[in-house]
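# Observations on the three-dimensional arrangement
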Amino acid sequence: MKSLSAFLLTFALRKARKKYFTPKEGDVLDNDKDYELSPSLNLKCPVEEEIYFSRKVFILNKNSEKNITMIYLHGGGYVLPFFSMQWKYIDKITSKTGIKCYCPDYRLAPKGTYKEAYELLLPLYHEIIKRYPQDKVILFGDSAGGGLCSGLYLELAKRNIKLPDELILISPWIDLTNELVVREKDPLLTKAGLLVASNMWSKGTSKMDYRVSPYFGDTSLFNNVTVFYGSDEILYPSIDAFVSKIKNNQNNRIYLKKGMNHIYPFYPIKEAKEATNIIIKTIIR
């Protein structure tokens, strides 16, 4: 049964929808500024900044002695910067596991596209596996960031580059054609908003290109993937179709939570605790 905290969250998210994710065709988005990490977040982990290809990369616990490095790609429909909620969650995961965590500030649409994201992420990934050759490497992303992680995974496989040891996805936006976006229970995301954002991010490239929509790539390559999603999110049908392709691999772990909204593990609700514990165990195993 859905917890009271989850019910209250759904109500709050419906009220917040207009502030969160309603881009419209022709909108001028003021989202191309250098991201500044606010000290008011009071993160537990020490954070350093490095510059890669003119983009900031925030590194939590850079001097950790644990042989585990995580790369976190944030969600936000490819048009929104990091949320404080995301920082709090990644800080919690990083502090509890003691690992290093790289958080690249990839350029957002419409001025940024998937091409620029790959131009940043491929050399960054190369640098990380070169810098920490003995480390277990994890790709972790939510929503759009989960889709970007999945596309990057397929691109690494195509280039015969050492793959991450784990891929952790929370409500990944895996199919930007939006053909399977049919549910209306989602209190936050809208089909119209997703369509506008996907047009800007793909920018003339077919939305069936695996770098844009990993759903259409060679899904047999996905190994050691952990996926979390909710039955009440607008992306549910596409994520469900994706996991049906990868679930026969026993190394992949699928967690569908009934009645849950988009990226539910990030919220302070009862149902999130179980997901967070699984994520922590997956990282340190």
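Residues numbered from 1 in each chain as written. Predicted model: local features only at pLDDT ≥ 70, side-chain atom pairs only at ≥ 80, totals over all residues. Heavy atoms only, no water.

Within the open sheet, the eight strands sit side by side as S1-S2-S4-S3-S5-S6-S7-S8. Their pairing is mixed. Both edges of this open sheet fall to strand S1 (47-52) and strand S8 (253-257), since each of them pairs with a single strand only. Across the sheet, the mean angle from the axis of one strand to that of its neighbour is 20 degrees, orientation sign disregarded. Where strand S3 (residues 68-73) lies against strand S5 (residues 136-142), six bridges are found, and the strand directions are parallel. Opposite Tyr72, over in S5, you have Phe140 as the bridge partner. With respect to the sheet, helix H6 (residues 236-246) is in contact with strand S6 (166-170), strand S7 (225-230) and S8, its orientation differing from that of S7 by roughly 150 degrees. (Pairing = 2+ DSSP bridges. Helix = DSSP H or I, 4+ residues; strand = E, 2+ residues; numbered from the N terminus. Axes fitted to C-alpha atoms, helices over the stretch in contact; angles between N-to-C directions. Contact = heavy atoms within 4.5 Å.)

This part is about the packing of aromatic side chains. The tally for this structure, following the rule as stated, stands at 19 aromatic pairs. Taking 5.0 Å as the distance between ring centres and 15 degrees as the angle between the ring planes, the aromatic pair formed by Phe228 and Tyr255 counts as stacked. Pair noted here: Phe228 is in strand S7 and Tyr255 is in strand S8, with a separation of 27 residues, a long-range link. On the basis of relative accessible area, Phe228 is assigned to the buried category, the value being 1%. By the ring-pair criterion, three or more aromatic residues cluster together here, those being Tyr35, Phe58, Phe82 and Trp87. Of note, Lys100 hangs over the ring of Tyr132, and the distance from its end group to the ring centre comes to 4.6 Å. Its end group placed over the ring of Tyr215, Lys245 keeps NZ or CZ at 3.8 Å from the ring centre. (Phe/Tyr/Trp six-rings, centres within 6.5 Å; stacked < 30°, edge-to-face > 60°. Buried < 20%, exposed > 50% of the residue type's maximum accessible area, 1.4 Å probe, protein only. Lys NZ or Arg CZ within 6 Å of the ring centre and 35° of its normal.)

In this section: the environment of Asn251. Looking at the secondary structure, you find Asn251 in the loop between H6 and S8. Residues Asn251 and Glu166, 85 residues apart in the sequence, show an inter-C-alpha distance of 9.9 Å. Contact partners of Asn251, with chain neighbours within four places excluded, come to Asn223, Asn224 and Val225.

This brings us to the pattern of salt bridges. Under the counting rule described, the total for this entry stands at 16 salt bridges. Of the charged contacts in the structure, one is a salt bridge between Glu36 and Lys56, with a shortest N-O distance of 3.1 Å. Note that Glu36 is positioned in the loop between helix H1 (4-20) and S1 and Lys56 in strand S2 (residues 55-60), a separation of 20 residues in sequence. A salt bridge links Glu49 to Lys56; its shortest N-O distance comes to 3.8 Å. The class for Glu49 is partly exposed, based on a relative accessible area of 44%. Linked through salt bridges whose partners overlap, the residues forming this network are Glu48, Glu50, Lys62, Glu127 and Arg131. (Salt bridge = Lys/Arg side-chain N within 4 Å of Asp/Glu carboxyl O.)

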